[in-house]
Structures are given as C-alpha cells and as structure tokens.
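This is what each chain is made of:
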Amino acid sequence: MFIKTPDDTQIMTIERHFLEEQQIYPEATGVLTSLLYDIALAGKVIASQTTRGGLAEILGQSGNTNVQGEQVMKLDELADRMVSRLNDHTGRLAVMASEEQEGIIPISPRYPTGKYVLLYDPLDGSSNIDYNVSIGTIFAIYRRKSEDGPGTLDDCLQKGRDLVASGYLIYGASTMLVYTSGMGVHGFTLDPSVGEFLLTHPNIRMPEKPKYYSVNQGYEKFWSEGVRRFTHYLQGDEPDADGQYRKGLSLRYIGSMVADFHRNLLGGGVFYYPVDNKDPRYTQGKLRITYEGAPLAFITEQAGGSSSNGKQNLLDIQPTSLHQRTPLYIGNRDLVEKAEEFIRLYDR
Ligand code: AHG
Ligand code: MN
Ligand code: MN
C-alpha cells in the first residue's frame, strides 16, 4: 500500500525539536532537553491511563476496591506518582513539588541531585475525570537557587519570571503537549499508533481578536462589583472607563483550566478565576500560582498574551508558600488590561 505525503512536509518528533532548540545555546548541556523528554514520557503514560477511563474500575486499578476485590488507585494519585517516579532518580532535579502533596518532594539520597526544580499539577480538572471530559498535567521548571545537595522549599518558591520552561499536557480527543522554554510556544500531538509526539503547532500565537471568555459564571453572585462589571463588559452590556462598549464574546467554560486555556490559546480569549466569597478557602481565588498560574502565564506571554492577578502581572508575584492561591486573569492582552481597569475602578 502507498500513502501519499506532500514532499515538503517535515515530520518533526518532539525529541528532535528539543535537540534542535538546545543547539541554539552553545553552553547547553542537554539536561533540560532530557528533563522535557522525561515529562513527555510521563504524559504518554498518563494519557494511556486516562483513555482507559472506567475500565480501570472493572479490570483492576482506581480509588476503591474493584469487583475482583483488588485495590484501585485514583487517577490523580497515579499521575502524581508517575511524574515523580519518572523524575526522582535521573540526576536532573534538586527537588520537586506537586499540587497533590503537601510538602516538597525531596530527591532520595540514593540518587544524585541536579540543577533543576520541577513543580507540577499532575491532573488538572480532576472534577471532570469521571465524565470523560478533557483534563491535563501542568509543569513548571526552574533553575535551583541553592548551591548543591538536596533542594529546598526556597528553590520551589520562585517568581514565574524565573521560569526556564513550562507547559502542559492535555488529554482530550487527542493528547497534546504544549510548552515554551522562552523561544515561542510549540504544540505536539501524540500519534498513538507510533507513540510519538509530533510537532503539529509550531510557534503558537494567540489570535489578536478574542472569541471567548471563560469563567464559572454560576458564581457571579459571589463576585466583587469590578469582576461583575468586567464580565458584563465582555458580554457587550457594560461600557469601559471611556464609555466604549465591545461586541459580546461567547462564553465557554469546561472546568478544566488546561482545557479552557488551550482553547483560548488557539481561538483567542480570556480565562479567569476571580476571588469569590462563596467558599472561605477561596478568598484569594482557587487556583495556585505555583502549579497553575505561573506556568500558564509564561506560555501566554510567549504566545503574545498576558496575565494578572487583577492588580499585577502574575509572573511578577513572589510566592511565599507552596500551595498559594491567586485570583487569575489570563489570555488576551487587552482583555487582561480591562480586567485590571474594572478592578481598579470598582474594587477598592
Ligand atoms: P485541580 O483539578 O487540579 O484541583 O484544578 C481544578 C481547577 C481548574 O482546573 C478549573 O479551572 C477549576 O478548578 C474549576 O473550578 P470550579 O469548579 O470552581 O469552576
Ligand atoms: Mn489544577
Ligand atoms: Mn490537580
């Protein structure tokens, strides 16, 4: 059988892409390249488990005891363990931290430590797991600040500005890996038949013209005046400070940040999770700077968008604790500015 392929299409695997990017830096040692590759591998394993969905329950493996009386592991725990296990012994990391674990994850003294720090949200959108809706994994890579030996909490508490690389995997209709190391944003799609991520979305730029706003509008009654007015502005029903109305945008909200973010990155728009007063845990917003905010903020900025906590750029926030939450506005540059404007005007 013959398959026709256009002569001018170059097939670029993720490995080749990482290597080519690495060559731009003559001083590069290849450690970051290998670390990214390990994360891609973890993504493949997690994808293979998420696509099995409820099968795990009946065939063995998730949460409770299955019909055979076997213990089953929850998918978010499994994803958490997969990322840490694939990275704990490679000698590339000084320390890790995961949204699923309270403290830092030290590297066992049995293994060498390396110069990078990995923070991750193993399974984002976990409330969607049972409904066959897109979920994802988010990762953030920093250079260690401590000199050597075991990495510290301080190594994990860095500003988004200091990110070396960040990205996410999305487990959707197809599995994709999207990342930046400060040289643009690149997206790869997993070809499940050969098990390789292939470059399908080189140099992603967020469209200038926004299409969507994404927020859990069910909580509107718990929002501040500024956030409510900003939302009505996005709907085309409220003027900005200059008395200008905009054309209303479409609302899209999946409830998996990775998936909402990914759609807006490709289609144009803004995602936000503001402070709301419904839940005392979320008085500073729900999402975490370290595992969710900063890594996606770096991607956004590299794709031509921006991000804010409502007052300042998310990348400039110095986290003081590992699981620190933040209100978050992320995506189209103009709309993020407008959010800040409404908050400045109405929320004192
Ligand atoms: P996680 O599953 O990692 O805990 O994150 C869930 C987050 C995020 O993915 C999503 O945007 C948000 O929670 C949804 O929250 P609401 O259900 O409150 O809208
Ligand atoms: Mn999350
Ligand atoms: Mn999570």
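To start, this report covers the structure provided alongside it. (Residues numbered from 1 in each chain as written. Chains lettered and ligands numbered in written order. Predicted model: local features only at pLDDT ≥ 70, side-chain atom pairs only at ≥ 80, totals over all residues. Heavy atoms only, no water.)

Some details on the overall build of the chain
Along the chain, the regular secondary structure elements total nine helices and 13 strands. Relative to its length of 348 residues, the chain is compact, with a C-alpha radius of gyration of 21 Å against a globular reference of 20 Å. Its C-alpha atoms give the chain principal-axis dimensions of about 60 × 50 × 50 Å. With 348 residues in all, the chain has 51% of them scored as buried. Taking all contacts inside the chain whose residues are at least 6 apart in sequence as the whole, residues at least 24 apart take part in 60%. Accessible surface computed for the chain: about 16,600 Å², of which carbon and sulfur atoms make up 49%. Taking the average place of the 35 positive charges on the side chains of the chain and the average place of its 44 negative ones, the gap between the two points comes to 2 Å. (Helix = DSSP H or I, 4+ residues; strand = E, 2+ residues; numbered from the N terminus. Rg over C-alpha atoms; globule rule 2.2 N^0.38 Å. Buried < 20%, exposed > 50% of the residue type's maximum accessible area, 1.4 Å probe, protein only. Contact = heavy atoms within 4.5 Å. Areas by Shrake-Rupley, 256 points an atom, 1.4 Å probe, with all protein chains shown as cover. Lys, Arg positive; Asp, Glu negative; His and termini not counted. Charge placed at Lys NZ, Arg CZ, Asp CG, Glu CD.)

Here's the deal with the coordination of the manganese ion (ligand 3)
Summarising the metal site, the manganese ion (ligand 3) is bound by the protein donors Glu99 (OE), Asp121 (OD) and Leu123 (O), whose distances to it range over 2.2 to 2.5 Å. The distance between the manganese ion (ligand 3) and the manganese ion (ligand 2) is 3.7 Å, with Asp121 acting as a donor to both metals. Accessibility expressed as a relative area gives 0% for Asp121, which makes it buried. (Donors = N, O, S within 2.8 Å, 3.2 Å for Na, K, Ca; no water.)

Section: the site of ligand 1
Every one of the 17 residues lining ligand 1 counts as a neighbour, but Asp124, Ser126, Asn216, Tyr253 and Tyr273 are closest to it. Within the side chain of Asp121, an N or O atom sits 3.1 Å from an oxygen atom of ligand 1. When the free accessible area of ligand 1 is taken as 470 Å², the share hidden by the protein chains comes to 85%. Of all the secondary structure elements, the ones that give two or more residues to the shell around ligand 1 are β3 (116–124) and β11 (269–273). No other element matches β3, which puts three residues into the shell around ligand 1. (Near = heavy atom within 4 Å. Polar contact = N/O pair within 3.5 Å; in protein donor to acceptor, adjacent residues only side chain to side chain.)

Some words on helix α9 (residues 333–346)
With 14 residues, α9 should cover 20 Å at 1.5 Å per step; its first-to-last C-alpha distance of 20 Å lies within 8% of that length. Turning to α9, its buried residues number three or more, namely Leu335, Val336, Lys338, Ala339, Glu340, Glu341, Phe342 and Ile343. Residues of α9 that are buried sit in contact with α6 (225–234), β11, β12 (306–308) and β13 (328–331). (Expected span 1.5 Å × (residues − 1).)

Looking at the coordination of the manganese ion (ligand 2)
For the manganese ion (ligand 2), every protein donor is listed as Asp121 (OD), Asp124 (OD) and Glu292 (OE), and the spread of their distances is 1.8 to 2.2 Å. Binding-site remark: the manganese ion (ligand 2) is held by donors from one chain whose sequence spacing is D-x2-D-x167-E.

Thoughts on the side chain of Glu220
Looking at where Glu220 falls in the secondary structure, it is placed in the loop between β9 (212–214) and α6. Here Glu220 is buried and forms no salt bridge, its nearest opposite-charge partner Arg228 lying at an N-O distance of 4.8 Å. Discounting chain neighbours no more than four positions away, the residues touching Glu220 are Arg228 and His232. (Salt bridge = Lys/Arg side-chain N within 4 Å of Asp/Glu carboxyl O.)

Concerning the packing of helix α7 (residues 257–267) against helix α8 (residues 289–302)
Between α7 and α8, whose axes approach to 12 Å, the crossing angle comes to 10 degrees. Of the possible angle classes, the one that applies to α7 and α8 is roughly parallel. Here α7 runs over α8; the crossing is right-handed. Across from Met257, Phe261 and Leu265 in α7, the residues of α8 making contact are Glu292, Leu296, Ile299 and Thr300. (Axes fitted to C-alpha atoms, helices over the stretch in contact; angles between N-to-C directions. Parallel < 35°, antiparallel > 145°, perpendicular 65-115°, else oblique. Left-handed = near helix turned anticlockwise from the far one by under 90°.)

Details of the sheet that holds strand β4 (residues 135–143)
Working definition: the strands of a sheet are paired by backbone hydrogen bonds and lie parallel or antiparallel to each other. If you trace the eight strands from one edge of the open sheet to the other, you get β2-β1-β3-β4-β5-β6-β7-β8, paired in mixed fashion. Two strands close off the open sheet at either side, each with one partner strand: β2 (105–106) and β8 (196–201). Across seven bridges, β3 lies against β4 in antiparallel orientation. Its bridge partner being in β4, Leu119 is matched across the sheet by Ala140. (Pairing = 2+ DSSP bridges.)

A closer look at unusual backbone geometry
Within the chain, Asn132 stands out as a residue other than glycine whose phi angle is a positive 60 degrees. Mapped onto the elements of the fold, Asn132 is located in the loop between β3 and β4. The exposed category is assigned to Asn132, whose relative accessible area is 77%. Non-glycine residue Asn203 carries a positive phi angle of around 45 degrees.

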